[in-house]
Amino acid sequence: MIQQVEAVYENGVLRPLAPIALSESQRVRITIVGADAGQDLLDRHILEQALEEVAAMKDLPTIEQVRKLLSTIPGSVADAVSAERGEY
């Protein structure tokens, strides 16, 4: 089970700002992300937007169709990185 909940740290205790579905004394793992983590929020927004776009698509391409389209792109990522680093 994964839940994402905002909380406030007060008097040495994290206080959730919304109800959470946990049993009394249930152990959980907490990852602390500061509210000022702007880039993380931007990344999350972009990911959520992409997920919404995919969910709205009527015809999703197959992996074979994606591979065929990607194969038409000249060069490779490895070549681009090497060139950028001056490794040629």
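Use the structure listed above.
Predicted model, so just to flag it, every value in this text is computed and none were measured.

### Focus: the overall build of the chain
Logical step 1: The helix and strand inventory of the chain stands at three helices and two strands.
Logical step 2: Shown N-terminal to C-terminal, the secondary structure of the chain runs as helices and strands in the order β-β-α-α-α.
Logical step 3: When the 88 residues of the chain are sorted by exposure, 2% land in the buried category.
Logical step 4: Once local pairs closer than 6 in sequence are excluded, the contacts in the chain between residues at least 24 apart make up 7%.
Logical step 5: When the accessible area of the chain is evaluated, it comes to approximately 8700 Å², of which 57% is carbon and sulfur surface.

### Quick notes on a nonpolar patch on the surface
Logical step 1: There is a patch of nonpolar side chains on the surface, built from Met1, Val5, Tyr9, Leu14, Ile20, Leu22, Val28, Ile30 and Ile32 and spanning about 910 Å² of accessible area.
Logical step 2: By secondary structure assignment, the location of Ile32 is in the loop between β2 (13-16) and α1 (38-56).
Logical step 3: Judged by its relative accessible area of 66%, Ile32 is exposed.

### Topic: the pairing of strand β1 (residues 7-10)
Remember that side chains alternate between the two faces of the sheet whenever the strand is regular.
Logical step 1: Direction of pairing for β1 relative to β2: antiparallel, over a ladder of four bridges. From the neighbouring strand, Val8 faces β2, where its bridge partner is Arg15.

### Examining the environment of Gly34
Logical step 1: Considering the arrangement of structural elements, one finds Gly34 in the loop between β2 and α1.
Logical step 2: Along the chain, Gly34 and Glu6 lie 28 residues apart, while their C-alpha atoms are 9.9 Å from each other.

### Some details on unusual backbone geometry
Logical step 1: The phi torsion at Asn11 lies on the positive side, around 50°, for a residue other than glycine.
Logical step 2: Counting through the fold element by element, Asn11 comes out in the loop between β1 and β2.

Cut-off values and rules
Residues numbered from 1 in each chain as written. Predicted model: local features only at pLDDT ≥ 70, side-chain atom pairs only at ≥ 80, totals over all residues. Heavy atoms only, no water. Helix = DSSP H or I, 4+ residues; strand = E, 2+ residues; numbered from the N terminus. Buried < 20%, exposed > 50% of the residue type's maximum accessible area, 1.4 Å probe, protein only. Contact = heavy atoms within 4.5 Å. Areas by Shrake-Rupley, 256 points an atom, 1.4 Å probe, with all protein chains shown as cover. Patch = residues over 30% accessible without salt bridge, like charges linked within 9 Å, V, L, I, M, F, W, Y side chains within 5 Å. Salt bridge = Lys/Arg side-chain N within 4 Å of Asp/Glu carboxyl O. Pairing = 2+ DSSP bridges.

Don't take any of this as a statement about function, it's just geometry.
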